[in-house]
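Structural features, examined
Letter by letter, the chains look like this.
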Amino acid sequence: MDDYVGEYLGSASAEGYRFGSPVVASLGGDDLPVFVKDLAERFRGWSGVRRWRSLEDQLNVEATWHEGGYVALRFHIRPSIYDKWTVS
């Protein structure tokens, strides 16, 4: 099953703007749900930034653990590897 890929829509909106991009991701052991599950299992914390990226780099997620037990997530959306702009 590691060879399967899926596509979904990554989107963000704020102050009347809406951004979106198709995201191609692996459905194997390195998919986004596995990344999020790993963050939850490390609820006691980690140092540095943990990162996940889609296969074609349209979606990147950065997770940082902070004292007090919360996690800050930053999502970067880019329409394609050929586009210069990114929304985060």
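Coordinates for the structure precede this section.
Just so we're clear, the structure is a prediction, and the values are computed from it rather than from any experiment.

Residues Val-23, Ala-25, Leu-32, Phe-35, Leu-39, Trp-46, Trp-52, Leu-59, Val-61, Ala-63, Trp-65 and Ile-77 constitute the largest nonpolar core, which totals twelve residues. Listed by contribution, the elements that provide at least two residues to this core are strand S2 (17-26), helix H1 (32-41) and strand S4 (59-66). The element that contributes the greatest number of residues to this core is S4, accounting for four residues. Leave out the neighbours within four places in its chain, and Trp-65 touches Phe-43, Arg-44, Gly-45, Trp-46, Tyr-70 and Val-71.

Time to look at the packing of aromatic side chains. A full pass over the atoms with the stated rule returns one aromatic pair. Ring centres of Tyr-17 and Phe-19 lie 6.3 Å apart, and the angle between their planes is 15°; on these two criteria the pair is classed as stacked.

Let us now look at the pairing of strand S3 (residues 49-53). Direction of pairing for S3 relative to S4: antiparallel, over a ladder of five bridges. Bridge pairing in S4 places Val-49 opposite Thr-64. Linking S3 to S4, which pair antiparallel, is a turn of five residues; within it Asp-57 sits at a positive phi near 65°.

Tallied over the entire structure, the rule returns six salt bridges. In this structure, Arg-51 and Glu-62 form a salt bridge, with 3.8 Å as the shortest nitrogen-oxygen distance. Of this pair, Arg-51 sits in strand S3 while Glu-62 sits in strand S4, placing them eleven residues apart in sequence.

Turning our eyes to something else, we now look at a nonpolar patch on the surface. Taken together, the side chains of Val-71, Leu-73 and Phe-75 define a hydrophobic patch exposed on the protein surface, amounting to about 250 Å² of accessible area. Tracing the sequence through the fold places Val-71 in strand S5 (residues 70-77). Take Val-71: its relative accessible area is 35%, and that puts it in the partly exposed class.

Time to look at the pairing of strand S1 (residues 5-14). Here S1 pairs with S2 via ten bridges, running antiparallel. Bridging across to S2, Ala-12 finds its partner in Phe-19. What sits between the antiparallel neighbours S1 and S2 is a turn of two residues, in which Glu-15 has the positive phi angle 50°.

What counts and how
- Sequence order as written defines the numbering, with residues in each chain counted from 1.
- This being a predicted model, a pLDDT of at least 70 is required before a residue's local features are given, and a value of 80 or more before pairs of side-chain atoms are given or counted; all residues contribute to the totals for chains, interfaces and linings.
- Just so you know, side-chain values use all the structure's heavy atoms and leave hydrogens and water out.
- In these notes, a set of buried Ala, Val, Leu, Ile, Met, Phe, Trp, Tyr and Cys residues joined through side-chain atoms within 4.5 Å is what counts as a nonpolar core.
- Each residue gets one of three labels from its accessible area relative to the maximum for its type: buried under 20%, exposed over 50%, partly exposed in between, using a 1.4 Å probe on protein chains only.
- Comment: elements are numbered from the N terminus, with helices defined as DSSP H or I runs of at least four residues and strands as E runs of at least two.
- Contacts are assigned to residue pairs that have any heavy atoms within 4.5 Å of one another.
- When two rings of Phe, Tyr or Trp (its six-membered ring) have centres within 6.5 Å they constitute a pair, described as stacked for plane angles under 30 degrees, edge-to-face for angles over 60, and tilted for the intermediate range.
- One bridge is not enough; two strands pair if DSSP finds at least two bridges between them.
- Note on definitions: salt bridges are taken to be side-chain nitrogens of Lys or Arg within 4 Å of carboxyl oxygens of Asp or Glu.
- Residues enter a patch when their relative accessible area is above 30% and they make no salt bridge; the linking distance is 9 Å between like charges and 5 Å between nonpolar side chains (Val, Leu, Ile, Met, Phe, Trp, Tyr).
- Surface accessibility in these figures is a Shrake-Rupley result with a 1.4 Å probe; residues are shielded only by whichever protein chains are displayed.

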